[in-house]
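# Structure at a glance
Given next are the chains, with one letter for each unit.
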Amino acid sequence: MKTWIVAALLSLSSTVTLAEVLVTDATVREMLPGRSMTAGYFSISNQNNVAAELISASSPQFGSIELHQHSHKDGMMKMEQVQSVVVAAGEQVHFQPGGLHLMMFDAKTSITTGQKIPLRLTFKDGQSIEVQASVSAIPTH
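Residues numbered from 1 in each chain as written. Predicted model: local features only at pLDDT ≥ 70, side-chain atom pairs only at ≥ 80, totals over all residues. Heavy atoms only, no water.

Space inside the largest pocket adds up to approximately 300 Å³. If you list the elements that add at least two residues to the lining of the largest pocket, you get strand E2 (38-46) and strand E8 (101-107). Considering each element in turn, the lining of the largest pocket owes the most residues, three residues, to E2. When its residues are assigned to classes, the lining of the largest pocket shows nine nonpolar, four polar and three charged. (1 Å grid on protein atoms, 1.4 Å probe; cavity = no way out; pocket = protein on both sides within 12 Å on 5 of 7 lines; lining within 4 Å. Points joined across faces, edges and corners; volume = space filled by probe spheres on them. Helix = DSSP H or I, 4+ residues; strand = E, 2+ residues; numbered from the N terminus. Nonpolar A, V, L, I, M, F, W, Y, C, P; charged D, E, K, R; others polar.)

In this section: the side chain of serine 45. Structurally, serine 45 is set in strand E2. Of the polar contacts made by the side chain of serine 45, one reaches the side chain of glutamine 47; its length is 2.7 Å. (Polar contact = N/O pair within 3.5 Å; in protein donor to acceptor, adjacent residues only side chain to side chain.)

Another point: the packing of aromatic side chains. With the rule as written, the count across this model stands at one aromatic pair. Each ring, one from phenylalanine 42 and one from phenylalanine 95, has its centre 4.3 Å from the other, and the planes form 15 degrees; the classification is stacked. With a gap of 53 residues between them, phenylalanine 42 in strand E2 and phenylalanine 95 in strand E7 (residues 92-95) connect regions that are remote in the sequence. For the pair phenylalanine 42 and phenylalanine 95, a shared accessibility class is recorded, and that class is buried. (Phe/Tyr/Trp six-rings, centres within 6.5 Å; stacked < 30°, edge-to-face > 60°. Buried < 20%, exposed > 50% of the residue type's maximum accessible area, 1.4 Å probe, protein only.)

This part is about unusual backbone geometry. One non-glycine residue, aspartate 25, lies in the positive phi region at around 55 degrees. By secondary structure assignment, the location of aspartate 25 is in strand E1 (residues 21-29). You can call aspartate 25 exposed: its relative accessible area is 61%. Phi at aspartate 74 takes a positive value of approximately 55 degrees, unusual for a residue other than glycine.

Within soluble globular proteins, side chains that are nonpolar tend to cluster in buried spots. One finds Phe42, Ile44, Leu54, Val85, Phe95 and Leu102 to be the most contacted residues of the largest nonpolar core, which totals 31 residues. Setting aside anything within four residues of it in sequence, one finds phenylalanine 42 in contact with Val23, Thr24, Asp25, Ala26, Leu54, Val93, His94, Phe95, Leu102 and Leu121. (Core = buried A, V, L, I, M, F, W, Y, C linked by side-chain atoms within 4.5 Å. Contact = heavy atoms within 4.5 Å.)

Now for the environment of alanine 26. Along the chain, alanine 26 falls in strand E1. In this structure, the C-alpha to C-alpha distance between alanine 26 and tyrosine 41, residues 15 residues apart in sequence, is 5.6 Å. Not counting chain neighbours up to four residues away, the residues in contact with alanine 26 comprise Tyr41, Phe42, Val131, Gln132, Ala133 and Ser134.

Of all seven residues making up E8, six are buried, and the element is well covered by its neighbours. Pairing analysis gives three bridges linking E2 to E8, with the strands arranged antiparallel. The residue of E8 that forms the bridge with alanine 39 is methionine 103. With six bridges connecting them, strand E4 (residues 62-73) and E8 associate as antiparallel partners. Bridge pairing links glutamate 66 to methionine 103 in E8. (Pairing = 2+ DSSP bridges.)

What follows is the structure, encoded as structure tokens:
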């Protein structure tokens, strides 16, 4: 009987885990003319007492999506794929221009400013979060 109660409590705590990982400010950049790829940005807030590890992203609007980061190496800015992004307990990670971001390849249709793009973010523990990202205009600075 005690084993069953412990198992039930553990299953409840894993259900709460995902609810305490929040994704906000999800945006996808409008694509450049003639291109079929773009970038996605958002913030992940982990209110859990254990780390959350993002391992993939997907969308029915794109053939594939990779986790990427910008870094400085040998005096040059370089973009590279990363296999996962860890969000420590109680911390927040921002996917933003010039840093972590999603590279979204092979758009199945054109996307325009104001449109909503469904994204599924999958974590190492097998859970996922679905969000609607707003398409934003390409900055003109």
